[in-house]
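Topology and contacts: notes
One-letter residues, chain by chain:
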Amino acid sequence: MSARVKVTVGVCGGIAAYKAVDLVRLLQDAGLDPHVVMTASAQRFVTPLTFNAISGHPVITSLWSDSAGAASPDQPIEHIAEAQTTNALIVAPATANTIARFAHGLADDFLATLYLATKAPVILAPAMNVNMWEHPATQANLTILRQRGVHIVEPGTGYLACGMTGSGRLADIPTIVATTLQVLGSKESASADLAGQTVLITAGGTREAIDPVRFIGNNSSGRMGYALATAALQRGARVILISAPTALEAPAGCELVPATSAAQMRTAVLAHLPEATILVMAAAVSDFTPRHPEAGKIKRTGPLLLELDPTQDILQEAIAQRQAGTTIIGFAAETDSAALLKNARAKLERKGADAIVANDVSTPGLGFDSENNSGIFLTRDAQIDIPATTKAAMAHRILDETLALKTMQPALTTR
Ligand code: CTP
């Protein structure tokens, strides 16, 4: 299946129209496939070409475009096709005019027609002048829309482009994305293929205390594990995210369990393992920990020799303790590209995981502490290449393969 869930972003004519460019990018980062519809006035603020380039899809700007008229039995009228194929309509910025048009059922341009024709959930992120926002007409229109089940992402308060201060600023883009993910996650849809699964994910790099102010850490940003958590939530799973310290915000809807050291992560994983149907060990767990962490800060008095003990292998222990039906996926971060597959296969055998995602962390711009990643999903019987892509898209590919493994080879997990 294509893991990317199609959504439609409706852009209206307001100063905040430029922020919709970021919205499209962040929706993509969240693993969604945004298509863009612009009103006529939106095109006076941002060009369709910008959204075309960012989204990779043609931008719909009118009910009367060439393709819009090309209806046939295999090619329905464009607004009906868009209405039927989209999973959510997100309007940002939603102007007072469009809110009024939606509330009163006008169908005078593509966006308003799409709103009437779609059965997908609708999310509106209003942005306008404070007086327009507070006007009883706008508020009454919003009440009508709320009663119809439209999700309103409340605007923020602050300095407005019109020079006034007050309510009416477009909500933060991450908030609009989080609302979209929540709405999609709660929607019964064909893409909720992980509904009923509990996915336990570890993320980030653990920290091993040397003294109260110093630790042994690594370059893991946690982005891959967080992307997996977001993707699993989008697909309807219950997600438990065991996270070492990161600079990231946990995706809305996951159960976050903080764990700093390898030992704490081990305790958390083993405690939650009985609930999990899938475990993905995306964390970069420290292989060593100081034997005698100091209670006070170590002074710089001369050379220092640290004695380190190996940590326990959480993945291996989880595999030994798992219940039948729990699929376990490990990661293998390697720096020797030539030996990537050989080393990953050895890890797969040694640890007994159902699959190992092997990635070469020595490639600049990929892997550790970067936005993108690539890898090989390695099982005992197959080797699936995941070419360089965003971590969000890679997360969906990993979940696709995990699910395929779970459905095709249930016996694997009962050995
Ligand atoms: N892992 C683990 N517990 C550890 C170390 C690693 O559960 N103490 C997990 C990681 O989360 C990852 C997999 O094992 O899913 C492989 O981690 P990696 O660091 O690549 O391999 P190691 O087993 O540590 O082997 P090496 O460092 O020798 O390559």
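Residues numbered from 1 in each chain as written. Predicted model: local features only at pLDDT ≥ 70, side-chain atom pairs only at ≥ 80, totals over all residues. Heavy atoms only, no water.

1. Structural notes on the packing of helix 4 (residues 96–103) against helix 5 (residues 110–117)
Our working rule: Structural elements are reduced to axes, namely lines fitted to C-alpha atoms, with helices fitted over the stretch in contact, and the angle between N-to-C directions of any two is expressed from 0 to 180 degrees. We count a stretch as a helix when DSSP gives it H or I for four or more residues in a row; a strand needs E for two or more, and each element gets its number in order from the N terminus. Roughly parallel means an angle under 35 degrees; roughly antiparallel means over 145; roughly perpendicular covers 65 to 115; every other angle is labelled oblique. A crossing counts as left-handed when the near helix is turned anticlockwise from the far one by less than a right angle, and as right-handed when that turn is clockwise. By definition, residues are in contact when any of their heavy atoms lie within 4.5 Å. For this classification, Asp, Glu, Lys and Arg are treated as charged, while Ala, Val, Leu, Ile, Met, Phe, Trp, Tyr, Cys and Pro are nonpolar and the rest, including Gly, are polar.
As a packed pair, helix 4 and helix 5 sit with axes 10 Å apart at the nearest point and diverge in direction by 40°. The angle between helix 4 and helix 5 falls in the class oblique. Like other packed secondary-structure pairs, helix 4 and helix 5 cross with a definite hand, here right-handed. Here Thr-98, Arg-101 and Phe-102 of helix 4 come into contact with helix 5, specifically with Leu-111, Ala-112 and Tyr-115. Residue composition of the contact of helix 4 with helix 5, by class: four nonpolar, one polar and one charged.

2. A word on the packing of aromatic side chains
Put simply, the test is: Any two of the Phe, Tyr and Trp rings considered here, Trp counted by its six-membered ring, make a pair once their centres fall within 6.5 Å; the pair's planes then place it as stacked at under 30 degrees, edge-to-face at over 60, or tilted in between. Throughout, exposure labels follow a simple rule: accessible area from a 1.4 Å probe, protein chains only, divided by the maximum for the residue type, with under 20% read as buried, over 50% as exposed, and the rest as partly exposed.
Taken as a whole and judged by the stated rule, the model has one aromatic pair. Taking 4.2 Å as the distance between ring centres and 5° as the angle between the ring planes, the aromatic pair formed by Phe-102 and Tyr-115 counts as stacked. Residue Phe-102 is found in helix 4, and its partner Tyr-115 is found in helix 5; the two are separated by 13 residues along the sequence. Residue classification places Tyr-115 among the buried positions, given a relative accessible area of 10%.

3. What about the domain arrangement of the chain?
Note the cut-off: For each domain, the first and last residues come from an automatic or database assignment. Summed over both partners, buried area is the accessible surface (1.4 Å probe) that two parts give up on being assembled. The term salt bridge refers to a side-chain nitrogen of Lys or Arg lying within 4 Å of a carboxyl oxygen of Asp or Glu. In the analysis that follows, any N or O atom pair within 3.5 Å is treated as a polar contact, provided that within protein one partner can donate a hydrogen and the other can accept it, and provided that, for residues neighboring in sequence, both atoms belong to side chains.
Each assigned domain of the chain is listed with its residue range as follows: domain 1 (5–186) and domain 2 (198–293 + 305–413). Taken over C-alpha atoms, the centre of domain 1 sits 37 Å from the centre of domain 2. Facing the nine residues of domain 1 at the interface are seven residues of domain 2. Across the domain 1/domain 2 interface, buried area totals approximately 580 Å², and carbon plus sulfur atoms make up 61% of it. Counting the contacts that link domain 1 with domain 2 gives zero salt bridges. At the junction of domain 1 and domain 2, the tally comes to one residue pair in polar contact (both at pLDDT 80 or more). Elements with a minimum of two residues in the side of domain 1 that touches domain 2: helix 1 (19–29) and helix 8 (173–186).

4. A word on the pairing of strand 8 (residues 198–203)
Going by this rule: One requirement defines pairing of two strands: DSSP has to find at least two bridges between them.
When you tally the buried positions in strand 8, you get six out of six residues, the bulk of the element. Covered by surrounding structure in strand 8 are Thr-198, Leu-200 and Thr-202 together with Val-199, Ile-201 and Ala-203, the residues of both alternating faces. Bridge analysis of strand 8 against strand 11 (residues 238–243) gives six bridges, and the strand direction is parallel. Bridge pairing in strand 11 links Thr-198 to Arg-238. Direction of pairing for strand 8 relative to strand 13 (residues 278–281): parallel, over a ladder of four bridges. Each residue of the ladder has a partner; that of Leu-200, found in strand 13, is Leu-279.

5. Comments concerning the site of the ligand
Basically, it comes down to this: Throughout, near means a residue has at least one heavy atom within 4 Å of the molecule or strand. In these tables, accessible area is a Shrake-Rupley quantity obtained with a 1.4 Å probe, and a residue counts as shielded only by the protein chains included in the view.
Taken together, the neighbourhood of the ligand is formed by 17 residues, with Met-281, Leu-315, Phe-331, Lys-347 and Lys-351 sitting nearest. At 3.3 Å from an oxygen atom of the ligand is found a main-chain nitrogen or oxygen belonging to Ala-333. Calculation on the ligand without its partners gives an accessible area of 570 Å², and the protein chains cover 79% of this total. Contributions of two or more residues to the shell around the ligand are made by helix 11 (314–321), strand 16 (327–334) and helix 12 (340–351). Looking at the shell around the ligand residue by residue, the class counts come to eight nonpolar, four polar and five charged.

6. Regarding the sheet that holds strand 2 (residues 32–38)
As summarised here, the arrangement of the five strands in space is 2-1-3-4-5, forming an open sheet in which the pairing is parallel. Of all strands in the sheet, those with a lone pairing partner are strand 2 and strand 5 (151–152), marking the two edges. Packed onto the sheet, helix 4 meets strand 3 (89–94) and strand 4 (122–126) and runs at close to 140° relative to strand 3.

7. So, unusual backbone geometry
Across the chain, the bulk of peptide bonds are trans and the bulk of non-glycine residues have phi less than zero. The residue after Ala-92, namely Pro-93, is reached through a cis peptide bond having omega -5°. Locating Pro-93 in the fold gives a position in strand 3.

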